[in-house]
Amino acid sequence: MTYKQIEASREARLWISQVIVPAVLAVTAAMSIPEVKQAVVEKTNKIKESIKSKFKKD
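An account of the accompanying structure is given in this report. Owing to the predicted nature of the structure, the values given are computational and were not obtained by experimental measurement.

1. Brief notes about the overall build of the protein chain
Of regular secondary structure, the protein chain possesses two helices and zero strands. By the compact-globule yardstick of 10 Å for 58 residues, the protein chain is too spread out, its C-alpha radius of gyration being 19 Å. Principal-axis analysis of the C-alpha atoms places the extent of the protein chain at approximately 55 × 35 × 10 Å. The burial tally for the protein chain puts 0% of its 58 residues in the buried class. Accessible area for the protein chain stands at about 5,500 Å²; split by element, carbon and sulfur atoms hold 65% of it. Charge-centre separation for the protein chain: the mean point of 11 positive side chains lies 4 Å from the mean point of 6 negative side chains.

In structure tokens, the structure reads:
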């Protein structure tokens, strides 16, 4: 492996361990709260309807 490949893999590992994993854990913890989950579901449905209405042919 070249030095560049080693550094790229180290950077990817750091991103995974310091950014992605904590973010996933935070989202999982937030989604375990029923009120938060319901708010997310409602917002997602609103966004879906907005997108559908923009692409709907008149």
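Having seen the structure, we can now continue with the description.
2. Side note on a nonpolar patch on the surface
On the surface, a cluster of nonpolar side chains totalling about 650 Å² of accessible area is made up of Trp15, Ile16, Val19, Ile20, Val21, Val24 and Leu25. Structurally, Trp15 can be placed in helix α1 (residues 3–31).

3. Some remarks on the pattern of salt bridges
All chains considered together, the criterion is met by one salt bridge. The salt bridge involving Arg10 is made with Glu7; its shortest N-O contact spans 2.3 Å. Taken as a pair, Arg10 and Glu7 lie in helix α1 at a separation of three residues, close to a single helical turn. Accessibility expressed as a relative area gives 27% for Glu7, which makes it partly exposed.

Quick notes on the rules
Residues numbered from 1 in each chain as written. Predicted model: local features only at pLDDT ≥ 70, side-chain atom pairs only at ≥ 80, totals over all residues. Heavy atoms only, no water. Helix = DSSP H or I, 4+ residues; strand = E, 2+ residues; numbered from the N terminus. Rg over C-alpha atoms; globule rule 2.2 N^0.38 Å. Buried < 20%, exposed > 50% of the residue type's maximum accessible area, 1.4 Å probe, protein only. Areas by Shrake-Rupley, 256 points an atom, 1.4 Å probe, with all protein chains shown as cover. Lys, Arg positive; Asp, Glu negative; His and termini not counted. Charge placed at Lys NZ, Arg CZ, Asp CG, Glu CD. Patch = residues over 30% accessible without salt bridge, like charges linked within 9 Å, V, L, I, M, F, W, Y side chains within 5 Å. Salt bridge = Lys/Arg side-chain N within 4 Å of Asp/Glu carboxyl O.

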